[in-house]
Amino acid sequence: LFAADIRTAESPFFILFGTPDCSISDIKLLDAQHYTLTLGWQCDRSVIAHIKILAATMCTDGISIFESKDVSASGNFLYPGDNAIVFGGNCDNCTFENTVIGTTCAAFFPQSSIPGTVTFRDSYVFRCDEGCVNNWYGATGDGASIESIVFDGLDCTDVTALPWLFHSQNQGSPQKKL
């Protein structure tokens, strides 16, 4: 969909705000210079399917979902230069299925409060240098509450780097359920 040219300091990325019922499928997102694919703020009932993300630059999170409900993502291949899946900010009933992940950062990065459920089914992680699930700061400043994050079928069998499965710090006192 795009190719970055760092000589011109252009910063291409794909981001949607307030776009419910959208469908993004069968595309390749290559060499983003910022967050690669972001659904933010009321992108309810959206579908992300059969996306390939390849990037080598920091700050190129793979798929980010914030403030959206009933989002489904399936059959995606993510190899960004930063966290592969970032989610939070009042996400609810978001489901990721059949995802292949490689990253020099974290495979899954919960950020901010999650009042509902985010589910990951049949995830295969082949690289996650900063851990499988990692969150080391509270984006809200006062800690984040997490109602439910579910992993059903997480395969890290052949992972090249896995310093920890789960790591969290500076999250404050609200309840978390993982």
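**Describing unusual backbone geometry**
Thinking step 1. Backbone geometry places arginine 45, a non-glycine residue, at a positive phi of 60°.
Thinking step 2. On the secondary structure map, arginine 45 appears in the loop between strand E4 (37-40) and strand E5 (47-49).
Thinking step 3. Arginine 45 sits in the partly exposed class, given a relative accessible area of 43%.
Thinking step 4. The phi dihedral of histidine 50 is positive, around 55°, even though this residue is not glycine.

**Side note on the environment of serine 25**
Thinking step 1. Structurally, the position occupied by serine 25 is in strand E2 (residues 23-25).
Thinking step 2. Sequence separation of serine 25 and isoleucine 51 is 26 residues, and the distance between their C-alpha atoms is 5.9 Å.
Thinking step 3. Leaving out residues up to four positions away in the same chain, serine 25 has contacts with Ala49, His50 and Ile51.

**Comments concerning the packing of aromatic side chains**
Thinking step 1. Scanning the entire structure with this criterion turns up eight aromatic pairs.
Thinking step 2. Taking the centre distance of 6.1 Å and the plane angle of 25° together, the rings of phenylalanine 77 and phenylalanine 126 count as stacked. Remark: phenylalanine 126 occurs in strand E13 (residues 114-128) and phenylalanine 77 occurs in strand E9 (residues 77-79); sequence separation between them is 49 residues.
Thinking step 3. Note on phenylalanine 77: relative accessible area 27%, which makes it partly exposed.

**Quick word on a nonpolar patch on the surface**
Thinking step 1. Residues Phe151, Leu154, Leu162, Leu165 and Phe166 make up a contiguous nonpolar surface patch of roughly 410 Å² in combined accessible area.
Thinking step 2. Tracing the backbone shows leucine 165 in the loop between strand E15 (146-155) and strand E16 (166-168).

**Structural notes on the pattern of salt bridges**
A side chain of one charge can pair with a side chain of the opposite charge when the charged atoms of the two come close.
Thinking step 1. Taken as a whole and assessed by the stated rule, the structure comprises three salt bridges.
Thinking step 2. Of the charged contacts, one joins glutamate 97 and arginine 121 as a salt bridge, the two residues approaching to 3.6 Å between their closest N and O atoms. Within this pair, whereas glutamate 97 is found in strand E11 (residues 94-103), its partner arginine 121 is found in strand E13, the two being separated by 24 residues in sequence.
Thinking step 3. Of the residues examined, glutamate 97 reaches a relative accessible area of 31% and is grouped as partly exposed.
Thinking step 4. When the shortest N-O distance is used, the salt bridge between arginine 127 and aspartate 129 registers 2.9 Å.

Criteria and thresholds
Residues numbered from 1 in each chain as written. Predicted model: local features only at pLDDT ≥ 70, side-chain atom pairs only at ≥ 80, totals over all residues. Heavy atoms only, no water. Helix = DSSP H or I, 4+ residues; strand = E, 2+ residues; numbered from the N terminus. Buried < 20%, exposed > 50% of the residue type's maximum accessible area, 1.4 Å probe, protein only. Contact = heavy atoms within 4.5 Å. Phe/Tyr/Trp six-rings, centres within 6.5 Å; stacked < 30°, edge-to-face > 60°. Patch = residues over 30% accessible without salt bridge, like charges linked within 9 Å, V, L, I, M, F, W, Y side chains within 5 Å. Areas by Shrake-Rupley, 256 points an atom, 1.4 Å probe, with all protein chains shown as cover. Salt bridge = Lys/Arg side-chain N within 4 Å of Asp/Glu carboxyl O.

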